[in-house]
Structures are given as C-alpha cells and as structure tokens.
Protein chains: 2
Amino acid sequence: MRLKVLSLLATVLLSVSAQETINVVSSEKSPVVGENGSVSFRIYAPQADSIFIAGSFAPSPVKMTKAADGNWLAVLDSLKPDLYSYRVIIDGVATTDPSNPYLLRDISTQSNIFVVPGGNADYYMTKDVPHGTLSKVWYHSPSLGKDRRMSVYTPAGYEKGNKRYPVLYLLHGMGGDENAWSELGRAVEILDNLIAEGKAKPMIVVMPNGNAKEYAAPGYTSEGFYIPSGNRSRSPRGMFEDSFMDIVSFVDSTYRTVPDKENRAIAGLSMGGGHSWIISMENPDTFGYVGLFSAAVRWNGGDVDKEMPENQQIALKRQFDNPPALYWIGIGKDDFLIDLNKAYTAYLDSKGYPYTYHLSDGGHTWKNWRDYLVLFLPRLF
Amino acid sequence: MRLKVLSLLATVLLSVSAQETINVVSSEKSPVVGENGSVSFRIYAPQADSIFIAGSFAPSPVKMTKAADGNWLAVLDSLKPDLYSYRVIIDGVATTDPSNPYLLRDISTQSNIFVVPGGNADYYMTKDVPHGTLSKVWYHSPSLGKDRRMSVYTPAGYEKGNKRYPVLYLLHGMGGDENAWSELGRAVEILDNLIAEGKAKPMIVVMPNGNAKEYAAPGYTSEGFYIPSGNRSRSPRGMFEDSFMDIVSFVDSTYRTVPDKENRAIAGLSMGGGHSWIISMENPDTFGYVGLFSAAVRWNGGDVDKEMPENQQIALKRQFDNPPALYWIGIGKDDFLIDLNKAYTAYLDSKGYPYTYHLSDGGHTWKNWRDYLVLFLPRLF
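1. Quick look at the overall build of chain A
Part 1 of the reasoning: Counting secondary structure elements, chain A contains nine helices and 18 strands.
Part 2 of the reasoning: For the C-alpha atoms alone, the extent of chain A along its principal axes is close to 75 × 45 × 40 Å.
Part 3 of the reasoning: A buried classification covers 64% of the 381 residues belonging to chain A.
Part 4 of the reasoning: Across chain A, contacts joining residues at least 24 apart in sequence account for 71% of those joining residues at least 6 apart.
Part 5 of the reasoning: On chain A, roughly 14300 Å² of surface is accessible, and the fraction owed to carbon and sulfur atoms is 51%.
Part 6 of the reasoning: Where the 37 positive side-chain charges of chain A centre and where its 41 negative ones centre are 1 Å apart.

The structure is reproduced here in structure tokens:
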C-alpha cells in the first residue's frame, strides 16, 4: 500500500512538466474559507502520525484530526478579515501545505497564505479594476558602485499617457528586500484598489532594496540560491541612507515624475522606517510626506534614555522649519519598538514639531504594515 | 520531547513577521551542490518514518537515510548540468523541502529547485552583467473584451535610451500563464546572459497569457486563490490566436519597437507552439522568425494520418511564398508530440518549405524548452 501511494505520487510529481499529458491528482482546495471567518484545512496523509497547522491566526499550532480514510481535518472559527500565513507540521517537520499552491517567502521561510475577506483584507486581493504595472528594474548606484534591483509600480494608464506623477519611496525592514512590499505587503493590490476607488491619487511607488551591500533579493544575484537571513544582509549603518539620492536621481530621470518636495513621499517599516526617518531629515527639501511604520527610530544605539545626538537634532530642526505636509507615525501597542517610538514622539512634542500618530493593536507584523499602508496612501499628495 | 519540538517550531513560525527580533533556526543549506554533479539533501525530522526525494533527476523517488540524531540524508552523484526541481515525501505526504526557500510553481504544484552549474545551466543563473527589466503589464484586448496581464522583458539600457528594438513573442503551454517563461523558463536570466555575451541581440520579449478566457495567472485575478489546472484554464480553440493582434498593437504602441516583419519573432512551447504555428501562418507578413518548441501542431484533431485542412494549407503556402527568415522546429525524441511533428515536417518537406529542425533527447520538459530558447535566441534578428 505504501509503495503504491509513493508510486502514484512519483508519477504525478515527475509528470509536472509534461503539460499536455498531465493528470494532476484532483486537489481539493485547502484551506476553504467559509462564512463568518470559518476556515477548514484538509490534508490527505494516511501514514502520518501527527499534523499541526501553525499560523498567524493562533498563538500556538492547531492540531489536526485524522479520519479513518486518511484525511486530516482542522476547522478554525471566527477569524477576522485579514491575509493569514501558515505552515503545516507533518510528523514534526514544518513545511508547506501540499494542497495550497499560494506561498509567500519571508526571509528564509516559505509560508502558505489565505485571505478571510472583509475590511482592509479586501484591498489585498486583485479586483476587476484598472491595474498598474509592477517592474523589476536595475539601477546604477554611483555611491555604492554597483547595479541594484528595485521594484517599481506605475499606475494604470502610465504607459499610454504623458502625465507626470508623484512618487512614494516605500522601504522594507531588515531581512526584507525589493520584493517584500509587493509580495508580503500586497502593495500592488492595495494601490490598484485605493486608486480605483478614488481614495488614493495615482502615483509611482519605488520599492528599492534597503540592504546596501546587497545587489538584489535572494536568488537574483550572482551568489545563487543561498539561505537568506537578516544577519547576512545587514549592512553598515548609514550606507543605504547615504546612497539613497542615487535612487531619486535614477527615478526622476527614468520615469515621468513631478520632481519636487510636494510630490515626493518616503515611508518604510521597521529598519525601513529608520531609513525614512534619517533620509527625510537629511534631505529636508526633498520629501513632503513621511511615513514611519513600526520604525526603528534609534539614536545612541536605541537607548531611549539618552539624548538624541546634536547633528540629528539640528537636522530635524531644519526639516521642521519647513515641515513636511504629513509626518505619519504608526506603531502597535505590542511592538517591541513601542518605547523607542514613545521616546521619539515625546521629543517631537517637546519641540512642537507636528506629526500624526496612529497607535494600533498588535505588534511588529505585516498585518499592521498592510493596514498602515491602507491608512497612509489616501493622505498623500 | 515532541511537544518541545513543536513549541520551538511554533515560536520560529510565528515570529517570521517580526523582522527585527527574529531568531531563525540556523538553516543548513540543503541541497548542497558539490563537485562532479554530486548533490546532498539533508532534512532534520526525528519523528518521521520515511522520507523520499522525488525530482526531475531520477525516474523514481530516492529514499533518504535516517541517522541516529534525527537527520535524514540522501546523496546523488554525477548529475548533469541543469536546473532540477524536486519535492520531498514525508511519511507519504508530497510537499516542499523545509530547508530550501527556492520554489517554482508549475500548474498547481510548488517544487523546490537547484542548479548543477555548467553548460546551458550557466545561462539560467543571474550573473554580474547588465540586467533587463521584467514588467507585469496589463493590456486591453478589444477582441476579448477584457484587461489581461502579460510579462514584458525590456533589455538593459531600454529605460535610458531612445533606441527601437525587435520583439519576440514567447508563448507558454497548457496550464501555464504569463509567468511561466520568466519563472520556469528562466527567460530573463537567459536573455541577460546571452545579450551580455553578444550571442543574442538586445530585444523586447513579450510573454502574454495564452489561455484566452483567463485574465491573468492564478492569484492575480478577482477569482482569488483557486487551484490551477490545465482543464480549468482551457479556452475555446482559436480564441487566443484570433485575439493575438491586440497584443501586437498594444506592444507596438507602448514600447519602442521596430514594427515590421524582419524585427518580429514568435515562438512557443507545446500549446504555445501550436499558437505560434497558427498565428504565424495567419499573419504571414507579421512574423519573420518562428519557433515551434515541442509544438502541438495539430490538424484534424491531431490525427497525423489525415490531410491538413485546405484553409491551413493555403495559409502555409501564403506564409512560405515569402518565407520567414527562420522557421525553427525543436522536439525531443521521447516527446509525446513527436509523431505530430514528424508528420508536419514531412508535409513541409513535401512542399519544399524551408525550416530548421532540432531533434533533442528527452521529452516534453522545461529542460528542453530552456535549451531550445538558448539555441533559438542567437538566431533572431
């Protein structure tokens, strides 16, 4: 029996490239999202002794139940609208759900995804609206002496018109890369949908790789298929910020932008929030809109009790002498960077620098960053 | 013990979005490609009873061996240079290798990949050469009455110059979509590398979705995350071919093309080879280069003993009255479409229509289609 199953599986597996002859074992869709946030998972695994589902919907793995026919089942109830990620643990091995071909990579981990519709989650899905273009473009950075890859969103209609557009620079966190916002962040879908509803202005969105020593996302460099990690991609502090205007120059000379402060925004999450914080203060006439999402606003090594270095205080004063139209700070109550952000907003308060503050539930998660993007985009330009 | 392992895994899994705090369990790279085509796989799975590796490197799954410390190992020897795909079968469940974050989807199946370097496989990897841009673009098809997604490669330098380029239309097979050639086919890497070596001319490559009733690849439509299948995407015969000039019009009005026959090529694999066959004969003044890769050159339902319908014979005569500069036919000895291709080349011979024939080893596989692309591109324009 075991041999027969393996042989069947092998036949299926080895014929995947034979597109004309393939007889895919009819996959029953799993997970199935039902009414009222119920989600059922189903895996056929007669030989397995234990299967768990571990995901962003529950603090600990959910045990699946085995039926006599070899099918394992788990049903969750009352999930709130969101994009969820999960993995399955088969006899102790954490891997992907064989029934679900939709995956997203975060650092070195591939996880399956599903969406419980409603609320902001509706912005995460493709709808029948005009669609922008997502491009993977290489630019030359004179400061870094290398060609580097970025993702660029141009709004629906860009190719056909002569119109110029404002630009948002949207930065990822440590361990991320130029694919992070378009994949994990659902930025393309969010932009298409908000623009179609008239809630956000058509804009160009530039998503560069914030790890200055890297050329591109893992697998898209001459280093081949290495194991990604935050430590591996960590670059010297300031290296990305100091090279950032190379990106602005490339974008303004390559795309139909409106190249002024009123039509330029910068926002980022975590490390990218720290980048946005530094880059916007060091270029006070460049960015009219700033978004700090769960931002690593670290000074003096992130010690909130120490005074901000004088050069940063001077730079911030210069920035707020002619303040950006929007300085938006979003952070979750359970975020490990909450104290840093509190110390920073206390500093802004002490100086009377204007900002908009959004305190959300939750922590340092893509759920929050997608939410923040949905809140931030309508306030731009 | 089991609970402890699960708890550890859960901690890792649930912290994947916490990019700043994450402590990824240090993954040892697997598979490891060594000298002389040796490849070793390693999976930590103390609770598992059996693990097999099933992949494009062997006709049947390879059994892994369990060590006392819970590590499973398998070593393959003397693999030829190529890009290989595989899955792991853990206690009877075929899924992905937890150590390898590099995956490609083919129809509904996600498989891990690795490359044994050398030969054509060197063209499949990113190198330190000038890189083109890959864009996901939506075009409007008046014939089909819908917006549809395509992948477009523009060569390095396109954004900065005013030069016009020739265009290759590159079509996928049944069950594929507009992502197939750029992902499974490694078209971007192949183009960047061949162009950098001076072996192929800089060109625009347009990779549309050949399933005329679909809008876009699975997951990029308002239908959400359905299970892809060849049957699901199957469209009425002729529907794509009849709407194809919408794509040419869009491309010629959107990109800096040289819009004439001498600077336009069409090629495809399997179903897309059939599309290229029909589209090029029905538009004899449009395509100066034709590539039929394992092509479904079906007439009369694919019955090789029946005569080709008169309208096709007339169309072919018109095409070969002013023949394309290249009419390239590639097929594998073990391809299930070999008889169709033999009957077709016999017909071409009987009429004295010129073509180039490449008979390879192997069957209806992405290995062959990548090889054919490497052979075909240098002969264009």
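On we go.
2. Some remarks on the environment of Ala267(A)
Residue and element names in this part refer to chain A.
Part 1 of the reasoning: Position of Ala-267 relative to the elements: it lies in strand β15 (residues 264-269).
Part 2 of the reasoning: Expressed as a C-alpha distance, the spacing of Ala-267 and Tyr-344, which sit 77 residues apart in the sequence, is 17 Å.
Part 3 of the reasoning: Once residues within four sequence positions are removed from consideration, Ala-267 is found in contact with Leu-168, Tyr-169, Leu-170, Leu-171, Ser-276, Gly-291, Phe-293 and Phe-376.

3. A word on the interface of chain A and chain B
Part 1 of the reasoning: Contacts between chain A and chain B engage 96 residues on the former and 96 residues on the latter.
Part 2 of the reasoning: Between chain A and chain B, roughly 8000 Å² of surface is buried when both sides are summed, and carbon and sulfur atoms account for 62% of that area.
Part 3 of the reasoning: Across the contact surface, chain A and chain B share zero salt bridges.
Part 4 of the reasoning: Where chain A packs against chain B, one counts 21 residue pairs in polar contact (both at pLDDT 80 or more).

4. Looking at the packing of helix α6 (residues 271-282) of chain A against helix α7 (residues 310-321) of chain A
All names here are of chain A.
Part 1 of the reasoning: At their nearest, the axes of α6 and α7 sit 8 Å apart, and the two run at 70 degrees to each other. The angle between α6 and α7 falls in the class roughly perpendicular. Regarding α6 and α7, the two cross each other, and that crossing is left-handed. Residue-level inspection shows Trp-277, Ile-278, Ser-280 and Met-281 of α6 in contact with α7, the latter providing Gln-312, Ala-315, Leu-316 and Gln-319.
Part 2 of the reasoning: Among the residues making up the contact of α6 with α7, the classes are represented as five nonpolar, three polar and no charged.

5. Some words on the relation of the copies chain A and chain B
To go from the first copy of the chain to the second, apply a rotation about an axis and then a shift along the same axis.
Part 1 of the reasoning: Rotating chain A by 180 degrees and translating it 0.0 Å along the rotation axis places it on chain B, where the RMSD comes to 0.0 Å. Taken together, the turn and the small shift mark the pair as related by a two-fold rotation axis. The position closest to the rotation axis in chain A is occupied by the C-alpha of Ser135(A), lying 2.0 Å away.
Part 2 of the reasoning: The residues that chain A uses at the interface reappear at the interface of chain B in 100% of cases, marking a shared surface.

6. Regarding the pattern of salt bridges
Part 1 of the reasoning: With the rule as written, the count across this model stands at 20 salt bridges over all chains.
Part 2 of the reasoning: Close ionic contact of Glu178(A) with Arg149(A) constitutes a salt bridge, the shortest N to O distance being 2.9 Å. Of this pair, Glu178(A) sits in the loop between β13 (167-171) and α2 (180-183) while Arg149(A) is found in strand β12 (residues 146-154), placing the two residues 29 residues apart along the sequence. Taken individually, Glu178(A) and Arg149(A) each receive the classification buried, so the pair is uniform in this respect.
Part 3 of the reasoning: The salt bridge partner of Lys317(B) is Asp321(B), with a shortest N-O separation of 3.2 Å. Linking Lys317(B) with Asp321(B), this pair stays in helix α8 (residues 310-321), spanning four residues, or about one helical turn.
Part 4 of the reasoning: The class of Asp321(B) is exposed, set by a relative accessible area of 54%.
Part 5 of the reasoning: Here the salt bridges do not stand alone but share partners, grouping Asp82(A), Lys367(A) and Asp371(A) into one network.

7. Here's the deal with the side chain of Asn112(B)
Residue and element names in this part refer to chain B.
Part 1 of the reasoning: Along the polypeptide, Asn-112 turns up in strand β10 (residues 109-116).
Part 2 of the reasoning: Residue Asn-112 is classed as buried on the basis of its relative accessible area of 0%.
Part 3 of the reasoning: Among the polar contacts listed, one links the side chain of Asn-112 to the backbone oxygen of Asn-100, at a separation of 2.8 Å.
Part 4 of the reasoning: Contact partners of Asn-112, with chain neighbours within four places excluded, come to Tyr-84, Ser-85, Tyr-86, Thr-96, Asp-97, Asn-100, Tyr-102 and Leu-103.

8. So, the confidence of the model for chain A
All names here are of chain A.
Part 1 of the reasoning: On average, residues of chain A carry a pLDDT of 92, and 93% of them reach 70 or more.
Part 2 of the reasoning: Segment residues 1-26: pLDDT under 50, and 49 contacts once partners within four positions in sequence are set aside and those in other chains are kept.
Part 3 of the reasoning: Reported confidences for the modelled complex are a pTM of 0.93 and an ipTM of 0.92.

9. Brief notes about unusual backbone geometry
All names here are of chain A.
Part 1 of the reasoning: Pro-31 follows Ser-30 through a cis peptide bond whose omega is 0 degrees.
Part 2 of the reasoning: Looking at the secondary structure, you find Pro-31 in the loop between α1 (2-14) and β1 (32-33).
Part 3 of the reasoning: A positive phi angle is found at Asn-36, which is not glycine, with a value near 55 degrees.
Part 4 of the reasoning: With respect to the element layout, Asn-36 can be found in the loop between β1 and β2 (39-44).
Part 5 of the reasoning: Phi at Ile-107 takes a positive value of approximately 55 degrees, unusual for a residue other than glycine.
Part 6 of the reasoning: When you line up the elements, Ile-107 lands in the loop between β9 (103-106) and β10 (109-116).

10. Some thoughts on the side chain of Gln319(B)
Residue and element names in this part refer to chain B.
Part 1 of the reasoning: The topology assignment puts Gln-319 in helix α8.
Part 2 of the reasoning: For Gln-319, a relative accessible area of 1% translates into the label buried.
Part 3 of the reasoning: Those residues in contact with Gln-319 that sit more than four places away from it in its chain are Ser-280, Met-281, Pro-284, Val-290, Pro-324 and Tyr-327.

11. A short note on the pairing of strand β16 (residues 289-293) of chain B
All names here are of chain B.
Part 1 of the reasoning: Across the five residues that make up β16, a large majority, five, are buried.
Part 2 of the reasoning: Side chains of β16 alternate between two faces, with Tyr-289, Gly-291 and Phe-293 and Val-290 and Leu-292 buried alike.
Part 3 of the reasoning: Note that strand β15 (residues 264-269) and β16 share five bridges and pair parallel. Bridging from a neighbouring strand, Ala-265 pairs with Tyr-289 of β16.
Part 4 of the reasoning: Handedness of the crossover joining β15 and β16 through helix α7 (residues 271-282) is recorded here as right-handed.
Part 5 of the reasoning: One ladder, built from five bridges, connects β16 with strand β17 (residues 326-332); its direction is parallel.

12. Concerning the sheet that holds strand β2 (residues 39-44) of chain B
All names here are of chain B.
Part 1 of the reasoning: Strand order in the open sheet made by the four strands is β1-β2-β6-β5, with antiparallel pairing throughout. A single partner strand is all that each edge strand has here, and the edge strands are β1 (32-33) and β5 (65-66).
Part 2 of the reasoning: Looking at chain direction, β5 and strand β6 (residues 71-76) are connected through two bridges and run antiparallel. Residue pairing for β6: Thr-65 is matched across the bridge by Leu-73.

13. Some remarks on the packing of aromatic side chains
All names here are of chain A.
Part 1 of the reasoning: Enumeration according to the criterion identifies 60 aromatic pairs over all chains in this entry.
Part 2 of the reasoning: The interplanar angle of 45 degrees and the centroid separation of 5.9 Å between the aromatic rings of Phe-41 and Phe-57 together place this pair among those described as tilted. Of the two residues, Phe-41 is situated in strand β2 and Phe-57 in the loop between β3 (51-55) and β4 (62-63); the sequence distance between them amounts to 16 residues.
Part 3 of the reasoning: By relative accessible area, which is 1% here, Phe-41 ends up buried.
Part 4 of the reasoning: Through a chain of ring-to-ring contacts, the aromatic side chains of Trp-181, Phe-293, Trp-328, Trp-366, Trp-369, Tyr-372 and Phe-376 assemble into a single cluster.

What counts, and at which threshold
Residue positions are given per chain, counting from 1 as you read along its sequence in written order. To read the labels, note that chains go from A and ligands from 1, taken in the order they are written. Local features in this predicted model are restricted to residues of pLDDT 70 or higher, and side-chain atom pairs are both shown and tallied only at a pLDDT of 80 or more, whereas totals for entire chains, interfaces and linings draw on every residue. Side-chain metrics rest on all non-hydrogen atoms present in the structure, leaving aside hydrogens and water. Put simply, DSSP marks the helices as runs of H or I at least four residues long and the strands as runs of E at least two long, and each gets a number from the N terminus on. Buried residues are those whose accessible area, probed at 1.4 Å on protein chains only, stays under 20% of the maximum for their type, while exposed residues exceed 50% and partly exposed ones sit between those limits. When checking whether two residues touch, look at their non-hydrogen atoms; a contact exists if any pair is within 4.5 Å. Only the protein chains shown count as cover for residues, and the accessible areas themselves come from Shrake-Rupley with a 1.4 Å probe. Note that His is not counted, nor are the chain ends; the positive residues are Lys and Arg, and the negative ones are Asp and Glu. Every charge is mapped onto a representative atom, which is NZ of Lys, CZ of Arg, CG of Asp or CD of Glu. Each of two parts loses accessible area, computed with a 1.4 Å probe, when they are put together; buried area is these two losses added. For this analysis, a salt bridge means a side-chain nitrogen from Lys or Arg found within 4 Å of a carboxyl oxygen belonging to Asp or Glu. In the analysis that follows, any N or O atom pair within 3.5 Å is treated as a polar contact, provided that within protein one partner can donate a hydrogen and the other can accept it, and provided that, for residues neighboring in sequence, both atoms belong to side chains. With axes taken as lines fitted to C-alpha atoms, and helix axes fitted only over the stretch in contact, angles between N-to-C directions fall between 0 and 180 degrees. Roughly parallel refers to an angle under 35 degrees, roughly antiparallel to one over 145, roughly perpendicular to one between 65 and 115, and oblique to any angle outside these ranges. By definition, turning the near helix anticlockwise from the far helix through less than a right angle yields a left-handed crossing, and turning it clockwise yields a right-handed one. Throughout this entry, Asp, Glu, Lys and Arg are counted as charged residues, while Ala, Val, Leu, Ile, Met, Phe, Trp, Tyr, Cys and Pro are counted as nonpolar. The remaining residues, Gly among them, count as polar. Copies overlap after least-squares fitting; the atoms used are the C-alpha atoms of residues with pLDDT of at least 70 in both. Along the chain, pLDDT gives the predictor's confidence residue by residue, from 0 to 100. Being paired, for any two strands, means DSSP has found at least two bridges between them. Whether a crossover is right-handed depends on one test, that the path from the first strand over the helix to the second runs clockwise when the strands point away from the viewer. Aromatic pairing here means that ring centres of Phe, Tyr or Trp (its six-membered ring) are within 6.5 Å. Orientation follows from the plane angle: under 30 degrees is stacked, over 60 is edge-to-face, and everything else is tilted.

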